[in-house]
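Each chain, written out:
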Amino acid sequence: MEPSSRSRDASPAVTLVAAVLPAGGSGERLGGATPKQFCTVQGRPLVSYTVRAMERISWISDIIVVVSPENIETMKSITEKYGHKRVTVVKGGVTRHRSIFNGLKVFAESELSNHLLQKPEVVIIHDAVRPFVEEDTLSKVVMAAKEYGAAGAIRPLVSTVIASAADGCLDHSLERARYRASEMPQAFLFDVIYKAYQQCTDYDLDYGTECLHLALKYCETNAKLVEGPADLWKVTYKRDLYAAESIVKDNLSQEVCVITDVKEAVAQLGFLFHESLKSQINVEAISIPLSKNDSHLQNLFSRQYYNFVCVNDKECAMEETQQLVDMLEKSNIPLLDPVVLIVVQLDISEKVPFSIGMEEITEMKKFAREVKKKNILVYGLLVQYK
């Protein structure tokens, strides 16, 4: 498989990194019966987007998703349905801190997991309802945590913070320029944050919310604060789901998967497509025998690409196009928005100008009209290649 253009040389110089995603909230502020982490955005649960953001990063070895006991099976089914890898689902506690502590225990104790996972040098803690975190941000907090013991993303305050007196009147306000909003992700040397949780009082575990404070209070580790981008916001209210949906749609429009056959000329043209597109949008390229029902294709579909460029030999273009469409229909992609499939047929014959017949054109047009009813848009491009 060709490397994705998403992959950057941002891997921190750390031997092992893991991530813990607390996902046990009830979503009271969101309203409705479904916890926000399981609400669907473009037909896919929100938590799945966050897991995908983590598993796209090769240097994160394990992803621990901590959910309430009643949602264990729900999370396991999501993991299976969307083909998530490196994921361990763990039973959460009654509070956020207790849930995070349970997530950390899978690296140090065997009571919450069938087997111990390899203890990481650095552990990332990130909310399951913050799905738009990028590798660059994660790398910065991880590298800062390695140097300082703890690190966390911050953002400027949007509103001034005020304190009210007992009678409900203004007591005082804070100078906004001096303060920052604590965001996620945060990262810690594993030994630091685990020791902090081990020493926590019940009051901290039941009423605390800030992990950086625990590292300072119990391990005297003063966290490095890292300025984060604007897209670290947390889905909290119903309106946030609409905003998340808009971002997901925009992200989908900026992603394309280039699929080519292994034949030399076809693979070479696919490489040229990849090179010309990667500076403008996120591109993943894969070169496989298109005549086979390859598991790599199934994995790509489970990641929910909506734009595909399929480069193949003209002689088997129709057959392979039908196969790809069949696989798309059977995949977990919710066809709420159109899936675009551009079929690039490579003509390497010596005939001039093009050797494709009217019968083949008519067959492709008819097929495109049929699958359009299923919200799959098929376009054809013929390239003569010498």
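The rules behind each value
Residues numbered from 1 in each chain as written. Predicted model: local features only at pLDDT ≥ 70, side-chain atom pairs only at ≥ 80, totals over all residues. Heavy atoms only, no water. UniProt positions renumbered as here; feature names shortened; annotations may be inferred. Helix = DSSP H or I, 4+ residues; strand = E, 2+ residues; numbered from the N terminus. Buried < 20%, exposed > 50% of the residue type's maximum accessible area, 1.4 Å probe, protein only. Contact = heavy atoms within 4.5 Å. Areas by Shrake-Rupley, 256 points an atom, 1.4 Å probe, with all protein chains shown as cover. Salt bridge = Lys/Arg side-chain N within 4 Å of Asp/Glu carboxyl O. Core = buried A, V, L, I, M, F, W, Y, C linked by side-chain atoms within 4.5 Å. Pairing = 2+ DSSP bridges. Right-handed = clockwise from strand over helix to strand, strands pointing away. Axes fitted to C-alpha atoms, helices over the stretch in contact; angles between N-to-C directions. Parallel < 35°, antiparallel > 145°, perpendicular 65-115°, else oblique. Left-handed = near helix turned anticlockwise from the far one by under 90°. Nonpolar A, V, L, I, M, F, W, Y, C, P; charged D, E, K, R; others polar. pLDDT = per-residue confidence, 0-100.

Per an unreviewed UniProt entry, the recorded name for the chain is D-ribitol-5-phosphate cytidylyltransferase, and the organism is Tricholaema leucomelas. Turning to the chain, the UniProt annotation filed under Sequence similarities (unreviewed entry) states: "Belongs to the IspD/TarI cytidylyltransferase family. IspD subfamily." Per UniProt, the chain carries the Subcellular location (unreviewed entry) text "Cytoplasm, Cytosol".

1. Quick word on the overall build of the chain
Scanning the chain for helices and strands turns up twelve helices and 16 strands. Looking at the chain as a whole, 49% of its 386 residues qualify as buried. A separation of at least 24 residues holds for 76% of the contacts in the chain among residues at least 6 apart in sequence. Carbon and sulfur atoms make up 50% of the accessible area of the chain, which totals about 19,000 Å².

2. Section: the pattern of salt bridges
When the charged atoms of two side chains with opposite charge come close together, those side chains can pair. Taken as a whole, this structure holds eleven salt bridges when the rule is applied. Note that Arg98 is salt-bridged to Asp206, the shortest N-O span being 2.7 Å. With Arg98 in helix 3 (residues 96-105) and Asp206 in helix 6 (residues 202-207), this residue pair connects regions lying 108 residues apart in the sequence. A salt bridge links Glu183 to Arg130; the shortest N-O distance between them is 2.7 Å. Of this pair, Glu183 sits in strand 10 (residues 180-189) while Arg130 is found in the loop between strand 6 (122-125) and helix 4 (135-148), placing the two residues 53 residues apart along the sequence. A single burial state applies to Glu183 and to Arg130, both of which are buried.

3. Here's the deal with the nonpolar core
Generally speaking, a soluble globular protein has its nonpolar side chains buried in company with each other. Among the nonpolar cores identified, the biggest contains 35 residues, and Ile60, Val65, Met75 and Ile124 are the most heavily contacted of them. Within the residue set of this core, elements represented by two or more residues are strand 1 (17-22), helix 1 (46-55), strand 4 (60-67), helix 2 (72-81), strand 5 (87-91), strand 6, helix 4 and strand 7 (150-156). With five residues, helix 4 is the single largest residue contributor to this core. Look past the residues within four positions of Ile60 in its chain and what remains in contact with it is Val17, Ala18, Ala19, Met54, Arg86, Ile124 and Leu138. Listed in part, the 32 residues of the second largest apolar core include Cys39, Leu252, Val325 and Ile376.

4. Side note on the pairing of strand 5
In regular strands, side chains alternate between the two faces of the sheet. For strand 5, the buried fraction is high: four of the five residues fall into the buried class. Bridge count between strand 4 and strand 5: five bridges; the pairing is parallel. Paired with Ile64 across the strands is Thr88, a residue of strand 5. As for the winding sense of the linkage, the β-α-β connection from strand 4 through helix 2 to strand 5 is right-handed.

5. Remarks on the packing of helix 3 against helix 5 (residues 190-199)
Helix-helix packing: each pair is described by the crossing angle between the helix axes and the interaxial distance. Packing of helix 3 against helix 5 brings their axes to within 10 Å, and their N-to-C directions diverge by 130°. For the element pair helix 3 / helix 5, the angle class is oblique. Crossing geometry of helix 3 relative to helix 5 is assigned as left-handed. Listed contacts from helix 5 to His97, Ile100, Phe101, Leu104 and Lys105 of helix 3 are Phe190, Ile193, Tyr194, Tyr197 and Gln198. Here the residues of the contact of helix 3 with helix 5 sort into seven nonpolar, two polar and one charged.

6. Concerning the side chain of Thr321
In this fold, Thr321 is placed in helix 11 (residues 317-330). Classification of Thr321 by relative accessible area gives buried; the value is 0%. Apart from the residues within four sequence positions on either side, Thr321 is in contact with Asn312, Leu341, Val343, Met364, Phe367 and Val378.

7. Things to note about the sheet that holds strand 12 (residues 255-260)
Read across the sheet, five strands follow the order 13-12-14-15-16 without closing on themselves; strand pairing throughout is parallel. Looking along the sheet, the strands with just one partner apiece sit at the ends: strand 13 (282-287) and strand 16 (376-384). Each strand axis lies, on average, 20° off the axis of its neighbour in the sheet, ignoring direction. The sheet contact formed by strand 12 and strand 13 spans six bridges and is parallel. Paired with Cys257 across the two strands is Glu284, which belongs to strand 13.

8. A few points about the confidence of the model for the chain
A residue-level look at the chain finds 84% of positions with pLDDT of 70 or above and a mean pLDDT of 84. When mean pLDDT is taken per element in the chain, strand 6 scores highest with 98 and helix 10 (residues 295-302) scores lowest with 66. Confidence drops under a pLDDT of 50 for residues 1-8, and excluding neighbours within four residues, the segment shows 22 contacts in the predicted structure.

9. A look at unusual backbone geometry
Cis geometry marks the peptide bond from Met184 to Pro185, where omega comes out at 10°. The residue Pro185 is located in strand 10 in this model. For Arg86, which is not glycine, the phi dihedral falls at a positive 60°. Structurally, Arg86 is set in the loop between helix 2 and strand 5. Taking the relative accessible area as the measure of exposure, Arg86 reaches 29% and is therefore partly exposed.

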